[in-house]
Amino acid sequence: MMNTTDITVVGVHVRRGDMILRRNSRIGFTVADKGFFNRAMDYFRKKYTNVLFIVCSDDIIWSQRHLSGQNVKFSRENSPVNDLAILSHCDHVIISVGSFGWWGAYLAGGEAVYYKDWPKPNTALAKRVRHEDYFLPTWRAM
């Protein structure tokens, strides 16, 4: 039997929901694609020997379709409060967009990988957001 202390737990927050609406897209909101999540997950797979990913999402169907694989588990039918608690207890966190994932990563206190292509360039939101004001300097853009 494997010793669970040898497992590095990485939370993955996938936000899509309201971010995929046309009105939000016009303002500058974006959603991370499966390529981002795969690159971020590969980053942790290369860095740690035994990684378990726990995916929390407002679109679990999309997440299961695009992020399934070995050592990937999904938080299903949990409240947002429970999902935030799960993320905050992970060793490290991968976040897409929005403050929910940000808080999960911040509370976890480990390494965070965030989606760098937010917001869309040349939009109203992009004119108001500076990454250095939003993401911690130790977090990794990808």
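Residues numbered from 1 in each chain as written. Predicted model: local features only at pLDDT ≥ 70, side-chain atom pairs only at ≥ 80, totals over all residues. Heavy atoms only, no water.

K.L.:
In this structure, what is going on with the environment of N78? I would like to understand it.
P.N.:
Within the secondary structure layout, N78 lies in the loop between β3 (72–74) and α4 (80–88). Judged by relative accessible area, which is 34%, N78 ranks as partly exposed. For the pair N78 and S57, spaced 21 residues apart in the sequence, the C-alpha separation amounts to 9.8 Å. Those residues in contact with N78 that lie beyond four places of it in its chain are D83 and I86. In terms of polar contacts, N78 uses its side chain to reach the side chain of S75, at 2.7 Å. (Helix = DSSP H or I, 4+ residues; strand = E, 2+ residues; numbered from the N terminus. Buried < 20%, exposed > 50% of the residue type's maximum accessible area, 1.4 Å probe, protein only. Contact = heavy atoms within 4.5 Å. Polar contact = N/O pair within 3.5 Å; in protein donor to acceptor, adjacent residues only side chain to side chain.)

K.L.:
What exactly am I supposed to notice about the packing of aromatic side chains here?
P.N.:
Describing an aromatic ring pair means giving the distance of the ring centres and the angle of the ring planes. This model, assessed by the stated rule, comprises 15 aromatic pairs. Note on F37 and W62: the rings are 6.1 Å apart at their centroids and 65 degrees apart in plane angle, and the pair reads as edge-to-face. Of this pair, F37 sits in helix α2 (residues 34–47) while W62 sits in helix α3 (residues 60–67), and the two are 25 residues apart along the sequence. This pair shows no difference in class: F37 is buried, exactly as W62 is. Ring geometry for W118 versus F135: centroids 6.2 Å apart, planes at 85 degrees, classification edge-to-face. Remark: F135 occurs in the loop between α7 (131–134) and β6 (140–141) and W118 occurs in the loop between β5 (112–114) and α6 (124–128); sequence separation between them is 17 residues. (Phe/Tyr/Trp six-rings, centres within 6.5 Å; stacked < 30°, edge-to-face > 60°.)

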